[in-house]
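# Results of the structural survey
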Amino acid sequence: QSVLTQPPSVSAAPGQKVTISCSGSSSNIGNNYVSWYQQLPGTAPKLLIYDNNMRPSGIPDRFSGSKSGTSATLGITGLQTGDEADYYCGTWDSSLIPGLYVFGTGTKVTVL
Amino acid sequence: QVQLVESGGGVVQPGRSLRLSCAASGFTLSSYGIHWVRQAPGKGLEWVAVISYDGSKEYYADSVKGRFTISRDNSKNTLYLQMNSLRTEDTALYYCARDLGQFTKFDPWGHGTLVSVSS
């Protein structure tokens, strides 16, 4: 049972924008960097955003991340059919010693 | 090319053991921590364990603590996940992933190895 809550699904038409929320607490998002991962159907996850808002080399600037308090948000602009995937947030959780990594519940993005 | 390749998965009966391997190439393994993450069929991602770059720190999810052990052999560029007392709920695709720092960002990920625990 994940401690990071995401909406099960979001959808929009091609070219539109979607945002995915990731809600946590002070023991995880509130005090640690957040990453986002994209999992295309049948493939391994890929790092999309790290350190709350940084993009790895090769990730287009259509993808953006932000964090405020105990919540984080992934934004995708100019939605493309190739963006249909599951998206997960993740961060370190220090509520228990020595701590552990936690993923969000996952959000399926559908391009209408 | 930075790459991780998992192996060792298979079908095993409940209560038995299995050892997964994660072979690294294209980078200096001894400089990085490595995570294991699993995904049950049709489910989300579940973090399993992490080992620091030098093996001095190991952290585990509560669901596997005391049953799974993560280890590494930097001389062989290989990570391991020893899984004992396997349960049906351990059935999943197991990925290894490189830690890019502070145990908060994973890249790249391997393609995974499937573990099925069934009688």
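Since the structure is predicted, the reported quantities are computational estimates derived from the model, not experimental observations. (Residues numbered from 1 in each chain as written. Chains lettered and ligands numbered in written order. Predicted model: local features only at pLDDT ≥ 70, side-chain atom pairs only at ≥ 80, totals over all residues. Heavy atoms only, no water.)

Moving on, we come to the nonpolar core. If you look at the biggest cluster of nonpolar residues, it comprises 68 residues, and the most contacted ones within it are Trp36 and Phe103 of chain A together with Trp47, Tyr94 and Trp109 of chain B. By residue number, the principal contributor to this core is strand E5 (residues 45–51) of chain B, which donates 6 residues. (Core = buried A, V, L, I, M, F, W, Y, C linked by side-chain atoms within 4.5 Å. Buried < 20%, exposed > 50% of the residue type's maximum accessible area, 1.4 Å probe, protein only. Helix = DSSP H or I, 4+ residues; strand = E, 2+ residues; numbered from the N terminus.)

Residues and elements named next belong to chain B. Spatial strand order, E1-E3-E8-E7: 4 strands in an open sheet with antiparallel pairing. The outermost strands of the open sheet, each flanked by one partner alone, are strand E1 (3–7) and strand E7 (68–73). Across the sheet, the mean angle from the axis of one strand to that of its neighbour is 15°, orientation sign disregarded. Two strands pair when backbone bridges link them, and strand E3 (residues 18–25) and strand E8 (residues 78–83) are joined in this way by 6 bridges, in the antiparallel orientation. Counterpart to Ser21 in the pairing with E8 is Tyr80. (Pairing = 2+ DSSP bridges. Axes fitted to C-alpha atoms, helices over the stretch in contact; angles between N-to-C directions.)

Here the focus is the pattern of salt bridges. All told, the structure shown has 6 salt bridges over all chains when counted by the stated rule. The salt bridge partner of Lys105 of chain B is Asp51 of chain A, with a shortest N-O separation of 3.0 Å. Placement of Lys105 of chain B in the loop between strand E9 (92–99) and strand E10 (106–109) and of Asp51 of chain A in the loop between strand E4 (46–49) and strand E5 (63–68) is noted, with the two residues assigned to different chains. We note that Lys105 of chain B, like Asp51 of chain A, is buried. (Salt bridge = Lys/Arg side-chain N within 4 Å of Asp/Glu carboxyl O.)

So, about the interface of chain B and chain A. Listed by partner, the interface residues are 21 residues for chain B and 18 residues for chain A. Summing both sides of the interface, chain B and chain A together bury roughly 1,700 Å²; the carbon and sulfur share of this comes to 68%. Per-residue buried area on chain B facing chain A is highest for Leu45, Trp47 and Thr104 of chain B; these three make up 33% of the total on that side. For the pair chain B and chain A, the number of links is 6 residue pairs in polar contact (both at pLDDT 80 or more). Taken together, the elements giving at least two residues each to the side of chain B that touches chain A come down to strand E4 (34–39), E5 and E10 of chain B. Class assignment for the residues of the side of chain B that touches chain A results in 10 nonpolar, 6 polar and 5 charged. (Contact = heavy atoms within 4.5 Å. Buried area = accessible area lost by both parts, 1.4 Å probe. Polar contact = N/O pair within 3.5 Å; in protein donor to acceptor, adjacent residues only side chain to side chain. Nonpolar A, V, L, I, M, F, W, Y, C, P; charged D, E, K, R; others polar.)

All quantities given are derived from atomic positions and should not be read as evidence of function.
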